[in-house]
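The primary structure of each chain is shown beneath.
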Amino acid sequence: MRKQTSWITALIIAVSIAAVPFAYAQHVRAAAHDHGFGFLGHLQQVRQQLDLTDAQVAQLKTIGAALKEQNAPFRTQLHAGLHSVATTLLTNPNDVATAQTLLDQQTGAEQTVKTNTLAAAAKALNVLTPDQRSKLADMIAKRWAARG
(Lines give C-alpha, C1' and ligand atoms only; values in the text may rest on other atoms or scores of the structure.)
Protein backbone atom coordinates (compact mmCIF):
# COMPACT_ATOMS: atom_id res chain seq x y z
CA MET A 1 0.00 0.00 0.00
CA ARG A 2 2.87 2.35 0.80
CA LYS A 3 4.39 1.77 -2.64
CA GLN A 4 1.08 2.62 -4.30
CA THR A 5 0.77 5.81 -2.26
CA SER A 6 4.27 6.80 -3.38
CA TRP A 7 3.30 6.28 -7.02
CA ILE A 8 0.18 8.40 -6.65
CA THR A 9 2.09 11.17 -4.88
CA ALA A 10 4.82 11.18 -7.50
CA LEU A 11 2.26 11.26 -10.28
CA ILE A 12 0.32 14.15 -8.76
CA ILE A 13 3.52 16.15 -8.35
CA ALA A 14 4.49 15.43 -11.96
CA VAL A 15 1.09 16.47 -13.25
CA SER A 16 0.97 19.58 -11.08
CA ILE A 17 4.20 20.92 -12.53
CA ALA A 18 3.27 19.85 -16.07
CA ALA A 19 6.25 17.49 -16.27
CA VAL A 20 4.34 14.42 -17.38
CA PRO A 21 6.53 13.92 -20.49
CA PHE A 22 9.67 13.86 -18.34
CA ALA A 23 8.18 11.44 -15.81
CA TYR A 24 6.97 9.25 -18.65
CA ALA A 25 10.40 9.25 -20.32
CA GLN A 26 12.11 8.25 -17.07
CA HIS A 27 9.63 5.42 -16.54
CA VAL A 28 10.19 4.12 -20.05
CA ARG A 29 13.97 4.16 -19.56
CA ALA A 30 13.67 2.35 -16.22
CA ALA A 31 11.26 -0.19 -17.66
CA ALA A 32 13.60 -0.83 -20.56
CA HIS A 33 16.32 -1.93 -18.15
CA ASP A 34 13.92 -4.46 -16.63
CA HIS A 35 13.43 -6.19 -19.98
CA GLY A 36 17.01 -7.40 -20.39
CA PHE A 37 19.09 -9.78 -18.41
CA GLY A 38 20.96 -6.95 -16.69
CA PHE A 39 24.05 -9.03 -15.99
CA LEU A 40 24.10 -10.39 -19.55
CA GLY A 41 22.78 -7.27 -21.24
CA HIS A 42 26.15 -6.58 -22.82
CA LEU A 43 26.78 -10.08 -24.08
CA GLN A 44 29.82 -9.22 -26.16
CA GLN A 45 31.58 -7.69 -23.16
CA VAL A 46 31.06 -10.68 -20.88
CA ARG A 47 31.66 -13.19 -23.68
CA GLN A 48 35.40 -12.74 -23.43
CA GLN A 49 35.49 -12.42 -19.66
CA LEU A 50 33.55 -15.65 -19.18
CA ASP A 51 35.12 -17.41 -22.18
CA LEU A 52 31.73 -18.31 -23.63
CA THR A 53 31.56 -20.74 -26.52
CA ASP A 54 29.73 -19.92 -29.72
CA ALA A 55 27.06 -22.45 -28.74
CA GLN A 56 26.57 -20.75 -25.36
CA VAL A 57 26.29 -17.34 -27.02
CA ALA A 58 23.71 -18.72 -29.46
CA GLN A 59 21.70 -20.21 -26.58
CA LEU A 60 21.85 -16.95 -24.63
CA LYS A 61 20.73 -14.97 -27.67
CA THR A 62 17.82 -17.36 -28.18
CA ILE A 63 16.78 -17.00 -24.55
CA GLY A 64 17.05 -13.20 -24.80
CA ALA A 65 15.01 -13.09 -28.01
CA ALA A 66 12.32 -15.31 -26.47
CA LEU A 67 12.18 -13.06 -23.41
CA LYS A 68 11.87 -9.96 -25.56
CA GLU A 69 9.01 -11.52 -27.53
CA GLN A 70 7.30 -12.78 -24.37
CA ASN A 71 7.46 -9.35 -22.72
CA ALA A 72 6.52 -7.31 -25.81
CA PRO A 73 2.82 -6.88 -24.96
CA PHE A 74 3.69 -5.95 -21.39
CA ARG A 75 6.25 -3.38 -22.54
CA THR A 76 3.50 -1.73 -24.57
CA GLN A 77 1.24 -1.73 -21.52
CA LEU A 78 4.00 -0.33 -19.30
CA HIS A 79 4.83 2.44 -21.75
CA ALA A 80 1.21 3.52 -22.00
CA GLY A 81 0.35 3.02 -18.31
CA LEU A 82 1.56 6.26 -16.76
CA HIS A 83 0.16 8.23 -19.66
CA SER A 84 -3.27 6.72 -18.98
CA VAL A 85 -3.04 7.56 -15.28
CA ALA A 86 -1.97 11.11 -16.04
CA THR A 87 -4.75 11.55 -18.60
CA THR A 88 -7.31 10.21 -16.13
CA LEU A 89 -6.24 12.65 -13.43
CA LEU A 90 -5.95 15.56 -15.82
CA THR A 91 -9.49 14.89 -17.04
CA ASN A 92 -10.86 14.53 -13.52
CA PRO A 93 -8.46 15.16 -10.62
CA ASN A 94 -10.96 13.53 -8.24
CA ASP A 95 -11.03 10.21 -10.12
CA VAL A 96 -8.40 8.62 -7.90
CA ALA A 97 -10.20 5.26 -7.95
CA THR A 98 -9.77 4.88 -11.70
CA ALA A 99 -6.17 6.08 -11.47
CA GLN A 100 -5.55 3.50 -8.75
CA THR A 101 -7.04 0.74 -10.93
CA LEU A 102 -4.73 1.77 -13.76
CA LEU A 103 -1.76 1.72 -11.38
CA ASP A 104 -2.75 -1.74 -10.19
CA GLN A 105 -2.79 -2.93 -13.81
CA GLN A 106 0.64 -1.35 -14.26
CA THR A 107 1.92 -3.19 -11.20
CA GLY A 108 0.57 -6.48 -12.57
CA ALA A 109 2.35 -5.94 -15.88
CA GLU A 110 5.59 -5.04 -14.10
CA GLN A 111 5.34 -8.20 -11.99
CA THR A 112 4.80 -10.35 -15.08
CA VAL A 113 7.83 -8.79 -16.79
CA LYS A 114 9.94 -9.44 -13.69
CA THR A 115 8.72 -13.04 -13.42
CA ASN A 116 9.46 -13.67 -17.10
CA THR A 117 12.90 -12.09 -16.72
CA LEU A 118 13.65 -14.20 -13.66
CA ALA A 119 12.76 -17.40 -15.53
CA ALA A 120 14.90 -16.35 -18.50
CA ALA A 121 17.83 -15.49 -16.20
CA ALA A 122 17.60 -18.95 -14.64
CA LYS A 123 17.66 -20.52 -18.12
CA ALA A 124 20.61 -18.34 -19.08
CA LEU A 125 22.55 -19.26 -15.95
CA ASN A 126 21.97 -22.94 -16.71
CA VAL A 127 23.78 -22.40 -20.02
CA LEU A 128 26.93 -21.41 -18.11
CA THR A 129 29.38 -23.85 -16.58
CA PRO A 130 29.92 -23.76 -12.80
CA ASP A 131 33.25 -21.97 -13.37
CA GLN A 132 31.58 -19.36 -15.60
CA ARG A 133 28.85 -18.81 -13.01
CA SER A 134 31.52 -18.31 -10.37
CA LYS A 135 33.31 -15.75 -12.56
CA LEU A 136 30.00 -14.02 -13.21
CA ALA A 137 29.25 -13.91 -9.48
CA ASP A 138 32.64 -12.25 -8.92
CA MET A 139 31.94 -9.72 -11.69
CA ILE A 140 28.57 -8.86 -10.16
CA ALA A 141 30.06 -8.56 -6.66
CA LYS A 142 32.76 -6.19 -7.93
CA ARG A 143 30.16 -4.11 -9.76
CA TRP A 144 28.00 -3.83 -6.64
CA ALA A 145 31.01 -2.93 -4.52
CA ALA A 146 31.96 -0.20 -6.98
CA ARG A 147 28.47 1.28 -6.76
CA GLY A 148 29.19 1.95 -3.12
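Because the structure is predicted, anything quoted here is derived from the model rather than measured.

Draft legend 1. Main features of the overall build of the protein chain. On a plain count of helices and strands, the protein chain comes out with 6 helices and 0 strands. Counting helices and strands in the order they occur from the N terminus, the protein chain gives α-α-α-α-α-α. By residue count, 30% of the 148 residues in the protein chain fall in the buried class. When the accessible area of the protein chain is evaluated, it comes to approximately 9500 Å², of which 59% is carbon and sulfur surface.

Draft legend 2. Up close: unusual backbone geometry. A positive phi is found at D51, a non-glycine position, where the angle reads about 55 degrees. In this structure, D51 sits in the loop between α3 (43-50) and α4 (54-91).

Draft legend 3. Region of the structure containing the packing of aromatic side chains. Taken as a whole, this structure holds 0 aromatic pairs when the rule is applied. The cationic tip of R147 hangs over the ring face of W144; the distance from NZ or CZ to the ring centre is 5.0 Å.

Draft legend 4. Geometry of α3. Within the span of α3, buried status applies to L43, V46 and L50. The arc that holds the buried residues of α3, viewed along the axis, is 70 degrees, so those residues lie on one side. Across α3 from its buried face, at more than 90 degrees, point the exposed residues Q45 and Q48. Tucked inside the fold, the buried residues of α3 contact α4 and α6 (130-147). Phi for D51, located one or two positions after α3, is positive at around 55 degrees.

Draft legend 5. Just the packing of α4 against helix α5 (residues 96-127), in detail. Running from amino to carboxyl end, α4 crosses α5 at an angle of 170 degrees, the nearest separation of the two axes being 9 Å. Considered as vectors, α4 and α5 are oriented roughly antiparallel to each other. Looking at the contact of α4 with α5 residue by residue, the classes come out as 17 nonpolar, 14 polar and 2 charged.

Draft legend 6. Region of interest: the pattern of salt bridges. One pass over the full model with this rule turns up 2 salt bridges. With its nearest N and O atoms 2.1 Å apart, the salt bridge here joins D54 to R47. Taking relative accessible area as the criterion, R47 reaches 22% and is therefore assigned partly exposed.

Draft legend 7. Region of the structure containing the nonpolar core. Ranked by internal contacts, the top residues of the largest apolar core, which has 13 residues, are L43, L50, L52, L60, I63 and L128. When residues of this core are traced back to their parent elements, those giving at least two are α3, α4 and α5. Broken down by element, the residue count for this core peaks at 4 residues, all from α4. Sequence-distant contacts of L43, that is, excluding residues within four places in its chain, are made with L52, V57, L60 and K61. Among the nonpolar cores identified, the runner-up in size contains 5 residues, and L82, L89, A99 and L103 belong to it.

Draft legend 8. The packing of α3 against α4, seen in detail. Contact pair α3 / α4: the axes reach a minimum separation of 11 Å and the direction vectors enclose 145 degrees. With respect to the hand of their crossing, α3 and α4 are arranged in right-handed fashion. Contacts from L43, Q44 and R47 of α3 reach α4 at D54, V57, L60 and K61. In terms of residue class, the contact of α3 with α4 is built from 3 nonpolar, 1 polar and 3 charged.

What counts, and at which threshold
- Residues numbered from 1 in each chain as written.
- Predicted model: local features only at pLDDT ≥ 70, side-chain atom pairs only at ≥ 80, totals over all residues.
- Heavy atoms only, no water.
- Helix = DSSP H or I, 4+ residues; strand = E, 2+ residues; numbered from the N terminus.
- Buried < 20%, exposed > 50% of the residue type's maximum accessible area, 1.4 Å probe, protein only.
- Areas by Shrake-Rupley, 256 points an atom, 1.4 Å probe, with all protein chains shown as cover.
- Phe/Tyr/Trp six-rings, centres within 6.5 Å; stacked < 30°, edge-to-face > 60°.
- Lys NZ or Arg CZ within 6 Å of the ring centre and 35° of its normal.
- Arc of directions from axis to C-beta.
- Contact = heavy atoms within 4.5 Å.
- Axes fitted to C-alpha atoms, helices over the stretch in contact; angles between N-to-C directions.
- Parallel < 35°, antiparallel > 145°, perpendicular 65-115°, else oblique.
- Nonpolar A, V, L, I, M, F, W, Y, C, P; charged D, E, K, R; others polar.
- Salt bridge = Lys/Arg side-chain N within 4 Å of Asp/Glu carboxyl O.
- Core = buried A, V, L, I, M, F, W, Y, C linked by side-chain atoms within 4.5 Å.
- Left-handed = near helix turned anticlockwise from the far one by under 90°.

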